[in-house]
Amino acid sequence: MIHVVRYDSPQDWAEHVAARFAAFLADEPAARVALPTGATPEPVYAGIVEAVSAGIASFRRAHVFLLDEFGGVPPDAKGRCDVMLHRALLDHVDVTPSHYHRLDPEAEDVAAMCAAYDAELKQPLDLVMLGIGRNGHVGMNEPGTSPDSATRRVELAPSTTQASVRYFGEGAALPTWGITIGLSAILAARTIWLLANGEGKADIVRDVLLEPVSATRPASLLRGHPNCWFFVDAAAASKLPVGVLSRG
Ligand code: GLP
């Protein structure tokens, strides 16, 4: 069962999720967390940076795993996930450099790099934070992904490539493939948080929660997880019946 928590405004949503993350880290300072990029988490990361600056939480003992990464585009492109996570979060908090684990599409042997990443994920993650694609993808686990999928190279859905223009900019080369943590490590995590904001996510949030569980909408597979939370703002929750909502 998924707990769905709705916040009245995007500001409320970002503030509360950031505060919740800071509290989580304060409780479990050595937590192992996987973090997403994209537009959705940016205001949440701003709140986490504030909390860390205020001394409410620290990343020093935590381990941060990058959730996914775009391939076939320059490593310093502004839309690369590693670049986005540094810009929004890592450059402004006290994360220990050797505790940051990234996916490397430039690796000579990508399959071996993915296997090494999965070996590190054998010990389940304490928290996976996710965004959601309009087709229901989580990380880069596109429709059709098996729940036991590993960290691997994936081809992106054409709509995902198109959507990435908002990260890379008009006229820039867009990625057609990437590397993602698989659904297996996501579903094995102790806690999963999925973040969604804006009306553009309302349809997929409704379908993921109310339509039958199916690999055609990978996020629906999270419904079998014992400790999964969807944090949504009013716009992303606008197509949900009230009965679906939980108390925060
Ligand atoms: C991208 C990423 C996902 C992200 C999702 C939503 O393609 N691979 O990790 O969560 O799509 O992105 P956004 O938050 O920008 O809407």
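Cut-offs and rules
- Residues numbered from 1 in each chain as written.
- Predicted model: local features only at pLDDT ≥ 70, side-chain atom pairs only at ≥ 80, totals over all residues.
- Heavy atoms only, no water.
- Near = heavy atom within 4 Å.
- Areas by Shrake-Rupley, 256 points an atom, 1.4 Å probe, with all protein chains shown as cover.
- Nonpolar A, V, L, I, M, F, W, Y, C, P; charged D, E, K, R; others polar.
- Buried < 20%, exposed > 50% of the residue type's maximum accessible area, 1.4 Å probe, protein only.
- Helix = DSSP H or I, 4+ residues; strand = E, 2+ residues; numbered from the N terminus.
- Contact = heavy atoms within 4.5 Å.
- Axes fitted to C-alpha atoms, helices over the stretch in contact; angles between N-to-C directions.
- Parallel < 35°, antiparallel > 145°, perpendicular 65-115°, else oblique.
- Pairing = 2+ DSSP bridges.

Further remarks concern the site of the ligand. Surrounding the ligand, one finds 13 residues, the nearest of these being Ala39, Thr40, Arg166, Tyr167 and Lys201. For the ligand, the accessible surface in isolation is 390 Å², of which the surrounding protein chains cover 95%. Taken together, the residues that form the shell around the ligand break down as 4 nonpolar, 6 polar and 3 charged.

Right, let's get into helix H8 (residues 202-210). Along H8, the residues that are buried comprise Ala202, Ile204, Val205, Asp207, Val208 and Leu209. Residues of H8 that are buried make contact with strand S1 (2-7), strand S9 (191-196) and strand S10 (228-233).

Now for the packing of helix H2 (residues 42-53) against helix H3 (residues 81-88). Between H2 and H3, whose axes approach to 9 Å, the crossing angle comes to 40°. The orientation of H2 with respect to H3, classified from their angle, is oblique. Residues Glu42, Tyr45 and Val49 of H2 touch H3, and the partners they reach there are Leu85, Arg87 and Ala88. When its residues are assigned to classes, the contact of H2 with H3 shows 4 nonpolar, no polar and 2 charged.

Strands in a sheet are paired, the pairing made by backbone hydrogen bonds, and the direction either parallel or antiparallel. As summarised here, the arrangement of the 7 strands in space is S1-S10-S9-S6-S2-S3-S5, forming an open sheet in which the pairing is parallel. Two strands close off the open sheet at either side, each with one partner strand: S1 and strand S5 (100-101). Where S1 lies against S10, 6 bridges are found, and the strand directions are parallel. Bridge pairing in S10 places Tyr7 opposite Asp233. Across the sheet, H3 is in contact with strand S2 (32-35), strand S3 (63-66) and S5; its angle to S3 comes to roughly 140°.

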